[in-house]
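# Summary of structural features
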Amino acid sequence: MFKTAPLSARILADMDTTTTSAASAPRRISALPGPRGLPFLGNTLQLRPSKVHADVEAMARRYGPLFQMRIGRQQVLVVADAALVGAILRERPDGFRRPDVTARVSDELGGERGVFLAEGAVWRKQRKMVMQAFAPHAIKAYFPLLARVGARLQQRWAQAARDGRPIALNADLKRYTVDVIAGLAFGEEVNTIENGDDVVQRQLELIMEGTARRSLMPVPYWRYVKLPYDRRLEAAVRATRAATNGFIAKARQRMQDDPSRASHPHNMLEAMLAAADQEGSGIDQGAVIGNVSTMLLAGEDTTSSALSWLIWLLARHPAALQRAQEEVRGVAPDPSAFTIEQMDRLEFVDACAHEAMRLKPPAPFLPLQANHDCVVGDVRVPKDCVLWCVLRHDSVSEAKVHNAAAFDPQRWLDGGNVRQLAMPFGSGPRLCPGRYLSLLEIKVAMACLLGAFDIVSVDGDSGEYHGFVMQSGALTMRLLPRAG
Ligand code: HEM
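To keep things clear, this report deals only with the structure shown in the data block.

Cut-offs applied
- Residues numbered from 1 in each chain as written.
- Predicted model: local features only at pLDDT ≥ 70, side-chain atom pairs only at ≥ 80, totals over all residues.
- Heavy atoms only, no water.
- Helix = DSSP H or I, 4+ residues; strand = E, 2+ residues; numbered from the N terminus.
- Rg over C-alpha atoms; globule rule 2.2 N^0.38 Å.
- Buried < 20%, exposed > 50% of the residue type's maximum accessible area, 1.4 Å probe, protein only.
- Areas by Shrake-Rupley, 256 points an atom, 1.4 Å probe, with all protein chains shown as cover.
- Lys, Arg positive; Asp, Glu negative; His and termini not counted.
- Charge placed at Lys NZ, Arg CZ, Asp CG, Glu CD.
- Polar contact = N/O pair within 3.5 Å; in protein donor to acceptor, adjacent residues only side chain to side chain.
- Contact = heavy atoms within 4.5 Å.
- Pairing = 2+ DSSP bridges.
- Axes fitted to C-alpha atoms, helices over the stretch in contact; angles between N-to-C directions.
- Phe/Tyr/Trp six-rings, centres within 6.5 Å; stacked < 30°, edge-to-face > 60°.
- Lys NZ or Arg CZ within 6 Å of the ring centre and 35° of its normal.

## Description of the overall build of the protein chain
Secondary structure assignment for the protein chain yields 18 helices and 14 strands. Radius of gyration (C-alpha) of the protein chain: 23 Å, near the 23 Å computed for a compact globule of 484 residues. For the protein chain, the C-alpha atoms occupy an extent of roughly 70 × 55 × 45 Å along the three principal directions. Residues classed as buried in the protein chain amount to 55% of the 484 residues present. Accessible surface, the protein chain: about 20,700 Å² in total, of which carbon and sulfur atoms supply 54%. Between the mean site of the 59 positive side-chain charges and the mean site of the 52 negative ones, the protein chain shows a separation of 5 Å.

This is how it looks when you write it as structure tokens:
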């Protein structure tokens, strides 16, 4: 069994080898342990696309928190130690970037780079614009739409409960997050919950899955031959882009008709257009398009996956479920009267959401690339080396977290080290800007569920599958209208 030297969270951004003593000379990546690979393919065949997160986590348990693998010919340093991962994430955008391949795949698909893919000075400008769309007063303005969509979800489930019908949990939660995000991002109520029209949702899913899939392909075959899948993917990108252009034109018109919207935007698009129009913003129309699409892509599956896992876990933990139900029924029983302040008071539900994301993080890993030669822990990392940061390792390790395998929301209320070990929203300057909004969305959905129903069962395929995010297979929920 491999043993690591004690790890320090030491990252020397510009490595100065002249001052490195022989005793503490960093190791080369090639000296690290790791799974044996094949010529040209490296370890690609050991990484099943839909189980890639679990395959790398299993390797980390076997080879330790710093090991090497190869994806095709690309050497990859895998980092699973939470302190080191946190230190790497803090060194952005200067020290590390998102891997070039992700931006290349997106560019090739004709996407505009939003804040998720932007780097350096461009990222700084975009991040500033995006953060204005997530400012507390902006979220407050969006809240009524969130509560309305929650109430629609509750009505849909009430009908299913009355009819004694099972609920397709993941599909309904995706409708909920699409309706919320499309409403917030574009100011359009697409209402897939009531209309059952899931075109937007299917297109987004295809784009997310296709981008992730192409990023992991050792050979870009689509440049030479387009399979039906590639044609569908490219058509989905074109359709989303055309829809986004239409939404931007409408938003510009609304802002022209009512100039007060610049200081009091009604949705993210208006907030971003207002920020882009500020003098010296350095933001053009392409960046606005890129960021509206980014919000849709980053905000849909992540939140719906977190919600599905949370509901699945609560259905298996009756004591936690009962406590969450009591909290909701005491604090926020009626969706038509929901307020942000009520949601902020749902502390136990919030702890349940964090605990669910510790065990089932929607984003269980983050790939990055080094901008300079540097040292990570005690390993020499050359410029452009790809790093695979594993986010679920220490956070579920018995050595670091008491009773790590248990679903125990109370640990989040007690404090302790869990907040440093679990990073479901990433960390550092690129921490997820949608963090507060998604937790608000989760609490609204949970209040709609727990306030009005008793959960009879949540069954189905609880395997973990990685597409764009890590989600369960199809789950089915049965509800009874709340007694009394
Ligand atoms: C449970 C829900 C969510 C989870 C688990 C999640 C997770 C993450 C993670 C892990 C990152 C990478 C952070 C890093 O590199 O350090 C990220 C980035 C990002 N997320 Fe989220 N996210 C969620 C919801 C949302 C929502 C609702 C939105 C927007 C509506 C959003 C927008 C973004 C954006 C724009 C970035 C890129 C930030 C940057 O690179 O500066 N996310 N998210």
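So that's the structure; there's more coming.
## Points about the side chain of D230
Following the sequence through the fold, D230 ends up in helix 9 (residues 228-257). There is a polar contact of 3.0 Å between the side chain of D230 and the side chain of Y221. Every residue in contact with D230, bar those within four places of it in the chain, is listed here: R214, Y221, W222 and V225.

## Brief notes about the sheet that holds strand 11 (residues 453-460)
Spatially, 6-14-11 is the arrangement adopted by the three strands of the open sheet, whose pairing is antiparallel. The sheet terminates laterally at strand 6 (167-168) and strand 11, the two strands that pair on one side only. Relative to strand 14 (residues 475-481), strand 6 is paired through two bridges, and the arrangement is antiparallel. By the bridge assignment, I167 is partnered in strand 14 with M477. Lying over the sheet, helix 12 (residues 301-315) contacts strand 11 and strand 14, oriented at roughly 105° with respect to strand 11.

## Remarks on the packing of aromatic side chains
Applying the stated criterion to the full structure yields four aromatic pairs. Ring centres of Y63 and F67 lie 5.9 Å apart, and the angle between their planes is 40°; this geometry places the pair in the tilted category. Accessibility classification places Y63 together with F67 in one group, the buried group. Its guanidinium or amino end placed over the ring of F116, R98 lies 4.0 Å from that ring's centre, counting from NZ or CZ. The ring of W309 is capped by K360, whose NZ or CZ atom sits 4.5 Å from the centre of that ring.

## As for the pairing of strand 14
Across seven bridges, strand 11 lies against strand 14 in antiparallel orientation. Counterpart to F453 in the pairing with strand 14 is P481.

## Observations concerning the sheet that holds strand 10 (residues 386-390)
If you trace the five strands from one edge of the open sheet to the other, you get 3-4-10-7-5, paired in mixed fashion. Pairing within the sheet leaves two strands with one partner each, and these edge strands are strand 3 (66-71) and strand 5 (96-97). Note that strand 4 (residues 74-79) and strand 10 share four bridges and pair parallel. Each residue of the ladder has a partner; that of V76, found in strand 10, is V386. Against the sheet, helix 2 (residues 82-90) engages strand 3, strand 4, strand 5, strand 7 (365-370) and strand 10, with an angle of about 125° to strand 10.

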